[in-house]
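Results of the structural survey
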Amino acid sequence: FFLLSAICCNETAAFLASSSRGAIRRFSATRSYVHSLDDAELSTPLTRKGFVEGIVQSSCGLLVLSQIEPALASGGATAGGAYLLSAKQRYNKRVTAGLKAFLSLDLNDISAVAAFFETKDEGGWEDLSAAAYLLANAFRTNSSKAPDSLPSVKSWKAFAKDVDLLQRGLAKKDMGKVASSYKNAEEKLDEYLANVELPTVMELKQM
């Protein structure tokens, strides 16, 4: 039996010289199985059939794990929504706070509007813009999909484009431009909110 174990390990090691990480895992499991047999106090002699069955069971277990590991590493939907859940926990509060502040702006109060864009704190445009984009980017079906192709990212950028026009109007003190841009942005916001599973504009205003 010990001779058979040594032969098995030596042959597997030679194979590993040109194999991938998956092969290394298979070898490790095989070696662990063999060593466990060495340590166990067997009441009956180990048969060749029993040894082979153990090796097969170990390899099958690794085959299953090798299929699970890539899914977990890819994130998003392939990881059972774990990545999306984490993103919601990190960004939902910040996005909600920023949008509530935006929707409550009084356009007649220029200083308040300017403060919304100038602050770096939660509830201001800078923090909202970063958190809202990252939240939108988390709504993906696979890890290789380009962010700009996601409906959530597209709807955020459409909203942000009008907000940018609002800022330009504010810089020029063009209140007509500020008012029209604000209205257009608000009208586009519900699409983004639906894409990232947040309350509607009306619901945010009532919160």
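Thresholds applied
All residue numbers refer to position in the chain's written sequence, counted from 1. Totals for whole chains, interfaces and linings use all residues, but because this is a predicted model, local features are given only for residues with pLDDT of at least 70 and pairs of side-chain atoms are given and counted only at 80 or more. Neither water nor hydrogens contribute to the side-chain values; these are computed over all heavy atoms in the structure. By convention, a stacked pair of Phe, Tyr or Trp rings (six-membered ring in the case of Trp) has centres within 6.5 Å and planes under 30 degrees apart, an edge-to-face pair has planes over 60 apart, and any other such pair is tilted. We count a stretch as a helix when DSSP gives it H or I for four or more residues in a row; a strand needs E for two or more, and each element gets its number in order from the N terminus. Note on exposure labels: buried denotes an accessible area under 20% of the residue type's maximum, exposed denotes more than 50%, and partly exposed covers the range between, all computed with a 1.4 Å probe on protein chains only. Residues enter a nonpolar core if they are buried and are Ala, Val, Leu, Ile, Met, Phe, Trp, Tyr or Cys, with the set joined through side-chain atoms within 4.5 Å. Contact between two residues is taken to exist if any of their heavy atoms lie within 4.5 Å; hydrogens are not considered. What the arc measures is the spread of directions leading from the helix axis to the C-beta atoms.

Concerning the packing of aromatic side chains
In this structure the tally under the stated criterion is nine aromatic pairs. Measuring from centroid to centroid gives 6.0 Å for Phe102 and Phe116, while their planes differ by 50°, and the two rings are tilted. Residue Phe102 is found in helix α4 (residues 82-103), and its partner Phe116 is found in helix α5 (residues 110-118); the two are separated by 14 residues along the sequence. On the basis of relative accessible area, Phe102 is assigned to the buried category, the value being 0%. Phe116 gets classed as buried once you look at its relative accessible area, which sits at 6%. Measuring from ring centre to ring centre gives 5.4 Å for Phe102 and Phe159, while their planes differ by 80°; the resulting arrangement is edge-to-face.

Examining the nonpolar core
Counting residues in each nonpolar core, the largest one holds 38 residues, and the members touching the most others are Val95, Phe102, Trp125, Phe159 and Tyr192. At the level of elements, α4, α5, α6 (125-137), α7 (151-171), α8 (175-195) and α9 (201-206) are the ones that each hand at least two residues to this core. Those residues in contact with Tyr192 that lie beyond four places of it in its chain are Val95, Ala132, Leu135, Ala136, Ser152, Ser155 and Trp156.

Here's the deal with α5
Among all positions in α5, only Val113, Ala114, Phe116 and Phe117 are buried. Within α5, the buried residues cover an arc of 150° as seen down the axis, which keeps them to one side. The exposed set on the far side of α5, more than 90 degrees from its buried face, consists of Ser111 and Glu118. Those residues of α5 hidden inside the fold are in contact with α4, α6 and α7.

Thoughts on the environment of Ala114
Along the chain, Ala114 falls in helix α5. When its relative accessible area of 17% is taken as the criterion, Ala114 is described as buried. Between the C-alpha atom of Ala114 and that of Leu170, which follows or precedes it by 56 residues, the distance is 7.7 Å.

Limitation: the analysis is restricted to geometry and does not speak to function.
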